[in-house]
Amino acid sequence: GAGVSQSPRYKVAKRGQDVALRCDPISGHVSLFWYQQALGQGPEFLTYFQNEAQLDKSGLPSDRFFAERPEGSVSTLKIQRTQQEDSAVYLCASSYPRLANTQYFGPGTRLTVL
Amino acid sequence: QQPVQSPQAVILREGEDAVINCSSSKALYSVHWYRQKHGEAPVFLMILLKGGEQKGHDKISASFNEKKQQSSLYLTASQLSYSGTYFCGTEYLVASGTYKYIFGTGTRLKVLA
């Protein structure tokens, strides 16, 4: 594909709802990252995949956050029982391969929890 | 643990120069620089590997001082399009043998006509 795509671009959820955010990386990119970016802050690392393997999930803030990439391409970030503090922009980035390589970012999904 | 960038914010007139610094407490493998405009995703500018290299293209260049674990981004003859928030992204090895990636605190840059 031309670039990393994410959907939806905007999501409004009521507190307690579950949400699923999708990321389509650049074709052939083995590495995929998820970041959370609060307003006025830098992106904060959530989790990293190499192909279908989730090699690092140390940044996930709680067990309500879950990410998967079952076939090594598309990834989904799921947030269960959303809370107001989950409101942020969720960015996905891909690269090939991971170390010392450019990360190409998608446009992000802005999640607002009411 | 998060790399500290300085200055936090800077305002320039078109044509002026600026330097943005990124300091880490970790032994870095690489430093990446990104620019993010409001409401948009970060856009990659350049990457520097340990070894103290310097890179540049057009009027933007960067250096990496491996001894000090510091990187600097140099913007010369700034243009209006340079406005945005600049982030350094740092990559370092952790005890488990994997690499971590963490973004700096950010520098807001505004170029005025």
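Residues numbered from 1 in each chain as written. Chains lettered and ligands numbered in written order. Predicted model: local features only at pLDDT ≥ 70, side-chain atom pairs only at ≥ 80, totals over all residues. Heavy atoms only, no water.

Caption draft 1: Representation of the overall build of chain B within the structure. If you tally the helices and strands in chain B, you get zero helices and 11 strands. Here the C-alpha radius of gyration of chain B, 14 Å, is about what a compact globule of 113 residues would show, namely 13 Å. C-alpha extents for chain B along the principal axes are approximately 50 × 30 × 20 Å. By residue count, 45% of the 113 residues in chain B fall in the buried class. Contacts spanning at least 24 positions in sequence make up 54% of the contacts within chain B whose residues lie at least 6 apart. Separation of charge centres in chain B, based on 12 positive and 8 negative side chains, amounts to 6 Å. (Helix = DSSP H or I, 4+ residues; strand = E, 2+ residues; numbered from the N terminus. Rg over C-alpha atoms; globule rule 2.2 N^0.38 Å. Buried < 20%, exposed > 50% of the residue type's maximum accessible area, 1.4 Å probe, protein only. Contact = heavy atoms within 4.5 Å. Lys, Arg positive; Asp, Glu negative; His and termini not counted. Charge placed at Lys NZ, Arg CZ, Asp CG, Glu CD.)

Caption draft 2: Local environment of the side chain of Ser30(B). Residues and elements named next belong to chain B. Within the secondary structure, Ser30 is located in strand E4 (residues 28-36). We classify Ser30 as buried; its relative accessible area is 0%. Here His32 takes part through its side chain, which lies 3.1 Å from a polar atom of the side chain of Ser30. A distance of 2.7 Å separates a polar atom in the side chain of Ser30 from a polar atom in the side chain of Glu91. (Polar contact = N/O pair within 3.5 Å; in protein donor to acceptor, adjacent residues only side chain to side chain.)

Caption draft 3: Highlighting the packing of aromatic side chains. Scanning the entire structure with this criterion turns up 13 aromatic pairs over all chains. Through a chain of ring-to-ring contacts, three or more aromatic side chains come together here, namely Phe33(A), Tyr35(A), Phe45(A), Tyr48(A), Phe105(A), Tyr34(B), Phe44(B), Phe87(B), Tyr101(B) and Phe103(B). (Phe/Tyr/Trp six-rings, centres within 6.5 Å; stacked < 30°, edge-to-face > 60°.)

Caption draft 4: Representation of the layout of surface pockets in the model. Computed from the structure, the largest pocket encloses a volume of approximately 780 Å³. Every residue lining the largest pocket is counted, 37 residues in all, and those nearest its centre are Gln37(A), Gly40(A), Gln36(B), His38(B) and Thr85(B). Elements with a contribution of two residues or more to the lining of the largest pocket: strand E9 (88-95) and strand E11 (109-113) of chain A together with strand E2 (9-13), strand E9 (84-93) and strand E11 (107-112) of chain B. Each residue belonging to the lining of the largest pocket can be placed in one class, and the counts come to 14 nonpolar, 17 polar and six charged. Taken as a whole, the second largest pocket spans an internal volume of roughly 230 Å³. Around the second largest pocket, the lining comprises 13 residues; the ones closest to its centre are Glu44(A), Phe45(A), Gln1(B), Tyr101(B) and Ile102(B). Mapped by element, the contributors of at least two residues to the lining of the second largest pocket are strand E5 (44-50) of chain A together with strand E10 (99-103) of chain B. (1 Å grid on protein atoms, 1.4 Å probe; cavity = no way out; pocket = protein on both sides within 12 Å on 5 of 7 lines; lining within 4 Å. Points joined across faces, edges and corners; volume = space filled by probe spheres on them. Nonpolar A, V, L, I, M, F, W, Y, C, P; charged D, E, K, R; others polar.)

Caption draft 5: Quick peek at the interface of chain B and chain A. Across the boundary between the two partners, chain B contributes 17 residues, which contact 18 residues of chain A. For the chain B and chain A pair, buried surface summed over both sides reaches about 1,600 Å², with 57% attributable to carbon and sulfur atoms. Taken together, chain B and chain A are joined by one salt bridge. Here Asp56(A) and Lys100(B) are joined by a salt bridge, their closest N and O atoms 2.8 Å apart. At the boundary of chain B with chain A, the tally comes to three residue pairs in polar contact (both at pLDDT 80 or more). Mapped by element, the contributors of at least two residues to the side of chain B that touches chain A are E4, strand E5 (43-49), E9 and E10 of chain B. Top contributing element to the side of chain B that touches chain A by residue count: E4(B), with five residues. Grouping the constituent residues of the side of chain B that touches chain A by class yields 11 nonpolar, four polar and two charged. (Buried area = accessible area lost by both parts, 1.4 Å probe. Salt bridge = Lys/Arg side-chain N within 4 Å of Asp/Glu carboxyl O.)

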